[in-house]
Amino acid sequence: MMGRTTAPDLKLYMDKKLSLELNGNRTVIGILRGYDAFMNINLENAQDVADENNPKPLNRTVIRGNSIVAVKALEAIGN
């Protein structure tokens, strides 16, 4: 019997700039616009910054939750 899946609580991070550490030693930064129960994340103004000297613009993108290793806020998060 499998347990119920609950959505991650990322409400405080909505419309904030985040850094996502991904599998394969990649990092993507962008503004959180949405997410779902599987932690698939919708970012706006996203950039792949694996090469810090040459960020690759991704514009609006969806990152699959199973590829996310860590999430870090790049802006202050209010209560």
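Peer 1: Please give an account of the overall build of the protein chain that cites residues and values.
Peer 2: Broken down by element type, the protein chain carries zero helices and five strands. Element order for the protein chain, N to C, with α for helix and β for strand: β-β-β-β-β. Across the 79 residues in the protein chain, those meeting the buried criterion constitute 27%. Residue pairs at least 24 apart in sequence account for 42% of intrachain contacts in the protein chain once pairs closer than 6 positions are excluded. Surface exposure of the protein chain reaches about 5,700 Å², of which carbon and sulfur atoms provide 46%.

Peer 1: Hey, could you go over the nonpolar core for me, with residue numbers and the actual values?
Peer 2: In this structure, Leu10, Leu18, Leu20, Leu22, Val28, Leu32, Ile41, Leu43, Ala46, Ile63 and Ile68 together form the largest nonpolar core, which totals eleven residues. Sorting the residues of this core by element identifies strand E1 (17-22), strand E2 (26-35) and strand E3 (41-48) as the ones contributing at least two each. The contact partners of Ala46, leaving out residues within four places of it in the chain, are Val28, Ile29, Gly30, Lys56, Pro57, Leu58, Asn59 and Thr61.

Peer 1: Outline the environment of Asp51, supporting the account with residue identities and numerical values.
Peer 2: Among the structural elements, Asp51 can be located in the loop between E3 and strand E4 (56-63). Assessed through its relative accessible area of 42%, Asp51 is described here as partly exposed. Along the chain, Asp51 and Arg26 lie 25 residues apart, while their C-alpha atoms are 8.7 Å from each other.

Peer 1: Account for the pairing of E1, naming residues and giving values.
Peer 2: For E1 and E2, the ladder comprises six bridges, and the chain directions are antiparallel. Bridge assignment links Lys17 to a residue of E2, and that residue is Ile31. Count of turn residues in the E1/E2 antiparallel hairpin: three residues, of which Gly24 carries a positive phi of about 80°. Relative to strand E5 (residues 68-73), E1 runs antiparallel, the two being bridged by five bridges. Bridge pairing in E5 links Leu20 to Val71.

What counts, and at which threshold
Residues numbered from 1 in each chain as written. Predicted model: local features only at pLDDT ≥ 70, side-chain atom pairs only at ≥ 80, totals over all residues. Heavy atoms only, no water. Helix = DSSP H or I, 4+ residues; strand = E, 2+ residues; numbered from the N terminus. Buried < 20%, exposed > 50% of the residue type's maximum accessible area, 1.4 Å probe, protein only. Contact = heavy atoms within 4.5 Å. Areas by Shrake-Rupley, 256 points an atom, 1.4 Å probe, with all protein chains shown as cover. Core = buried A, V, L, I, M, F, W, Y, C linked by side-chain atoms within 4.5 Å. Pairing = 2+ DSSP bridges.

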